[in-house]
Amino acid sequence: MTGASLQEHPFWSRRADELQSALASGPQGLSAPAARERLERHGPNAVGQEGELSALRLLLRQWESPLVLILVFGAVVSLALRQWVDASIILAIVLGSTLLGFLQEYRASTAVAELKRRLALTCRVLRDGAEIVVPARAVVPGDVVMLSAGNLVPADGLVLEAKDCLVSESALTGETFPVEKQPGVLAAATPVGARTNAVFLGSSLRSGTARVLIVETGRRTEFGAIAARLGRRAPETEFARGIRQFGYLLLRVMILIVLFVLTVNQLLGRPVVDSLLFAVALAVGLSPELLPAVVSVTLSAGARAMARRGVIVRRLEAIENLGSMTVLCTDKTGTLTEGVVALHDAVDPAMKSSRAVRELAYLNASLESGIENPLDAAIVADGARSGWSAPDRRKIDEIPYDFRRKRLTIVVVSAAGDARHLIITKGAFANVLAICATVERPDGQAPLDAAAAGELEAYFRARSEEGYRVLAVATRLVPAKDRYGHDDEAAMSFAGFLLFYDPPKPDAPRIIRDLADLGVATKVISGDNRYVTAHLANAIGLDPRSLLTGAEIAVMKDEALWQQAARTDLFVEVDPQQKERIVLALRRTGHAVGYMGDGINDAPALHAADVGISVDSAVDVARQSADVILLQRDLDVLRQGVIDGRRTFANTLKYISITTSATFGNMISMALATPLLPFLPLAAKQILLNNFLSDLPSIAISTDNVDPEHVAHAQRWNIADVRRFMIVFGLVSSLFDLLTFGTLLLLFRADEPTFQTAWFVVSLLTELAVLQLLRTRGPVFASRPSRLLLTVTLVVGAVALAAPYAGPLSDAFGFVAISPSVMAASVAIVLGYMVATEATKALYFRRPDRRAGQ
């Protein structure tokens with residue numbers, strides 16, 4: 001179908017058979033060869049190019065940095081002045097820096113891409129008349145896609161069949177309430193929100209089922225068009241925003257100091273070329289150019305480590321949020337309980353075990369085609385063990401489950417020879433009881449009066465308090481007809497109860513205590529009734545009396561919920577919108593909230609939480625709403641994920657704090673040295689070499705060990721604390737730089753080459769020393785660095801000490817052999833700096849709030 005044809009006659013204004021013919025498709029879908037040909041012609045079904053960057057593109061991206069371009073400019077200036085050695089050194093350092101950045105980013109990008117592939121969405125399509133599962137990226141125009149509750153819509157298409165199909169289109173239209181979809185033909189001018197015969201990429205099924213003919217994929221979808229106009233930039237996280245703002249602060253200060261140094265050099269009559277090269281090298285040396293790369297590498301290394309433990313991070317920035325989590329909101333099934341639900345018993349209204357009730361439940365569960373759930377699976381498994389089937393009970397219709405009615409209805413043919421249909425409804429006790437007019441008795445049906453209802457409610461409460469999940473079953477015989485709707489769920493007869501048991505996990509109490517030790521409070525948010533939830537809470541160590549019901553939340557103002565939410569352990573009988581309100585209330589009172597869910601009804605809360613957590617087996621909309629995916633439904637895996645997240649964030653913050661303090665100290669030193677010294681404190685090529693060598697250990701920070709106090713409490717990005725850290729330790733560094741200047745000029749009467757060589761050694765050794773000293777907040781010898789970090793630091797330190805004596809290599813960089821007394825003084829200054837920094841650190845972190853986190 002051509003673009004012009006769709007512009008003139010959009011697909012929602014055309015008949016299904018006409019559209020199928022135009023797309024060379026049909027009720028059986030496409031053939032496999034046709035699908036492959038269309039995938040090659042139309043490309044992957046993706047809005048943006050989200051695949052990993054090619055190696056060449058990553059390499060070229062290293063040269064997009066303004067700092068690299070400044071260096072290249074310096075090399076060009078050197079070449080123009082025929083300073084071949086200087087130009088070669090600058091280009092070699094540029095090449096080394098870009099290759100280092102490329103190798104680290106390539107490793108990080110391939111690791112993250114592999115994690116994303118493990119979470120790729122799939123959908124059910126008809127190919128050659130058979131239903132198969134394909135990646136959503138492989139869907140093409142002409143495909144016939146089967147959708148059910150919880151599925152994300154993979155592309156734009158026309159609805160061919162639908163049953164109670166409610167679609168959430170808020171991502172596309174902003175409309176909160178779902179829209180019902182039905183086959184039909186609409187006017188070409190119908191706006192997006194009113195196209196009830198079409199579904200669109202970016203929406204999801206809240207209930208029901210649908211069969212859809214795909215018409216547009218990828219960037220040609222409505223969502224793709226909007227994304228293209230908006231640039232589709234993901235919202236910036238607090239962590240990324242803090243790093244960006246701090247980088248801008250450093251950049252502004254660096255520009256001012258570089259201009260100041262360049263101006264002073266000119267006023268002092270120093271050579272223009274040397275001054276220009278010095279300013280260029282100073283701009284690079286003072287800039288934390290590896291900050292984005294180190295942050296990316298550290299976060300991706302953390303993501304790989306977490307993936308090995310069964311925690312997959314969909315957005316790297318979510319690691320910071322996971323580590324800063326102070327409240328975990330979770331459902332109970334499968335996380336706090338074993339997740340192996342079993343049908344314990346089926347009883348009639350006389351509270352006796354009943355085969356008839358069990359068979360009704362089996363018919364309802366085995367014939368439903370909506371949301372897969374463990375309760376229906378338990379009923380079907382129980383029936384299979386009994387050898388049951390229902391060949392004579394042909395399914396007529398289905399009224400799917402939704403979270404407002406909390407019940408599911410199946411309509412089947414009645415017993416052999418009976419022309420009537422049998423309606424079988426199963427669901428939450430209160431919601432089923434509400435549609436019943438009679439109750440089944442051994443001698444027939446009796447009116448459901450207040451006394452009978454009271455007996456049923458008493459039994460429901462008693463069994464719920466014993467820890468059983470209790471559902472109700474009701475039936476009604478009606479004259480046969482073709483279609484059934486919600487209005488048919490009325491005047492039913494209460495048939496009995498279904499009792500399910502899902503025992504608490506043996507280690508749940510320990511895990512909840514362990515999370516509490518990490519400063520993470522566990523709160524249960526469940527649609528289940530208050531009695532069964534309170535029973536579980538008592539078994540796992542939560543307060544069963546600290547409870548709010550959905551009905552109580554419904555009448556609360558937001559301000560009241562803000563006060564109650566933090567003090568409540570159990571939120572029961574809640575709907576999806578109330579789950580979102582609870583999460584927002586906890587965030588409003590200053591908590592970093594993690595929400596763990598796997599169902600359709602969890603999507604709003606997953607979006608609202610600081611970090612959304614789901615499981616690999618969750619419905620599409622829940623997985624796509626989550627930031628973190630657990631490969632096992634296990635809170636212990638999540639607890640380890642919290643620790644890993646805090647460890648990764650701590651190492652990221654180490655680099656930021658240490659690098660910015662060293663950079664700030666160098667800025668101050670350069671600003672003071674330039675007017676006081678009769679020559680440049682370092683040559684341009686020496687600054688670049690110093691910068692390159694000092695960056696090498698920074699890459700190894702991602703592997704560093706982390707002190708226990710860093711993982712014992714939640715940490716959050718705080719730019720004020722980092723700024724304070726930068727000023728305090730940067731000034732300590734500047735004081736010892738001035739001491740070095742005075743020692744070399746006044747004590748040793750050092751000439752230019754000797755001064756530059758000695759200060760190169762001192763500057764590089766102090767940067768290495770401060771990395772080891774400030775990587776821990778406790779005594780330096782009480783915390784062991786990682787082997788890689790220590791090895792790289794020692795190797796670079798050895799290079800610094802050998803630099804003056806490396807023969808031709810030393811000559812190339814302008815170094816000279818310095819006397820033993822100058823070297824001894826340089827080492828003594830470094831040792832003094834280490835003692836002063838260690839003492840300053842002890843004073844700085846004496847305050848408990850600074851020891852707990854920055």
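By convention here, each chain's residues receive numbers from 1 onward along its written sequence. Where totals are concerned, whole chains, interfaces and linings use all residues; where local detail is concerned, this predicted model gives features only for residues with pLDDT of at least 70, and gives and counts side-chain atom pairs only at 80 or more. The side-chain numbers reported here are obtained from all heavy atoms of the structure, hydrogens and water having been left aside.

## As for the overall build of the chain
Runs of H or I in DSSP of at least four residues are treated as helices and runs of E of at least two as strands, each being numbered from the N terminus. The number of helices and strands found in the chain is 32 helices and 23 strands. The buried label applies to any residue whose accessible area, calculated with a 1.4 Å probe on protein chains only, is under 20% of its type's maximum; exposed applies above 50%, and partly exposed to all values in between. Looking at the 854 residues of the chain, the share that counts as buried comes to 55%. In what follows, residue pairs with any heavy atoms lying within 4.5 Å of each other are defined as contacts. The contacts of the chain with a sequence gap of at least 6 include a subset with a gap of at least 24, amounting to 73%.

## With respect to the pattern of salt bridges
By convention in these notes, a salt bridge is any Lys or Arg side-chain nitrogen within 4 Å of a carboxyl oxygen on Asp or Glu. Per the stated rule, a full pass over the model turns up 37 salt bridges. A salt bridge links Asp 507 to Arg 510, with the shortest nitrogen-to-oxygen separation between them at 3.8 Å. In this structure Arg 510 comes out as partly exposed when scored by relative accessible area, which is 32%. Residues Asp 636 and Arg 639 are paired through a salt bridge, measuring 2.8 Å at the closest nitrogen-oxygen approach. You can see Asp 636 and its partner Arg 639 sitting in helix H24 (residues 635-676), three residues apart, about one turn around the helix.

## Section: a nonpolar patch on the surface
Like-charged residues are merged into a patch within 9 Å and nonpolar side chains (Val, Leu, Ile, Met, Phe, Trp, Tyr) within 5 Å, provided each residue has over 30% relative accessible area and no salt bridge. Accessibility throughout is a Shrake-Rupley quantity obtained with a 1.4 Å probe, and a residue counts as covered only by protein chains that appear here. A contiguous nonpolar patch, built from Leu 672, Leu 676, Leu 735 and Leu 738 and spanning about 380 Å² of accessible area, is present on the exposed surface. Counting only elements with at least two residues in the nonpolar patch, the list comes to H24 and helix H27 (719-747).

## Considering the packing of aromatic side chains
Aromatic pairing here means that ring centres of Phe, Tyr or Trp (its six-membered ring) are within 6.5 Å. Orientation follows from the plane angle: under 30 degrees is stacked, over 60 is edge-to-face, and everything else is tilted. Applying the stated rule across the entire model yields 21 aromatic pairs. Between Tyr 468 and Tyr 501 the ring centres are 5.4 Å apart and the planes differ by 55°, which places this aromatic pair in the tilted class. Taken together, the residues Tyr 468 in the loop between helix H16 (450-465) and strand E16 (469-478) and Tyr 501 in strand E17 (residues 492-501) connect sequence positions 33 residues apart. A relative accessible area of 13% places Tyr 468 in the buried class. Tyr 501 sits in the partly exposed class, given a relative accessible area of 32%. Consider the rings of Phe 679 and Phe 755, whose centres lie 5.4 Å apart with planes at 70°: the pair is edge-to-face. Of the two residues, Phe 679 sits in the loop between H24 and helix H25 (684-699) while Phe 755 sits in helix H28 (residues 752-774), which places them 76 residues apart along the sequence. The exposure class assigned to Phe 755 is buried, which follows from its relative accessible area of 0%. Members of the aromatic cluster, connected to one another through ring pairs, are Phe 429, Tyr 459, Phe 460, Phe 494, Phe 497 and Tyr 531.

## Points about helix H18 (residues 530-540)
Of the residues making up H18, those classed as buried are Tyr 531, Val 532, Thr 533, Ala 534, Leu 536, Ala 537 and Ile 540. Contacts made by the buried residues of H18 are with H16, E16, helix H17 (508-517), strand E18 (521-525) and strand E20 (570-572). Whenever a nitrogen or oxygen atom comes within 3.5 Å of another N or O atom, the pair is scored as a polar contact, on the condition that within protein one atom can donate a hydrogen and the other can accept it, and that pairs from neighbouring residues in sequence are kept only if both atoms are in side chains. Where H18 begins, the capping side chain belongs to Asn 529, and its oxygen is found 2.9 Å from the backbone nitrogen of Tyr 531. The first or second residue beyond H18 is Gly 541, which carries a positive phi of 100°.

## Here we look at the side chain of Thr 837
By the element assignment, Thr 837 lies in helix H31 (residues 820-844). We classify Thr 837 as buried; its relative accessible area is 2%. If sequence neighbours within four positions are ignored, Thr 837 has contacts with Phe 729, Val 732, Val 770, Leu 773 and Leu 774.

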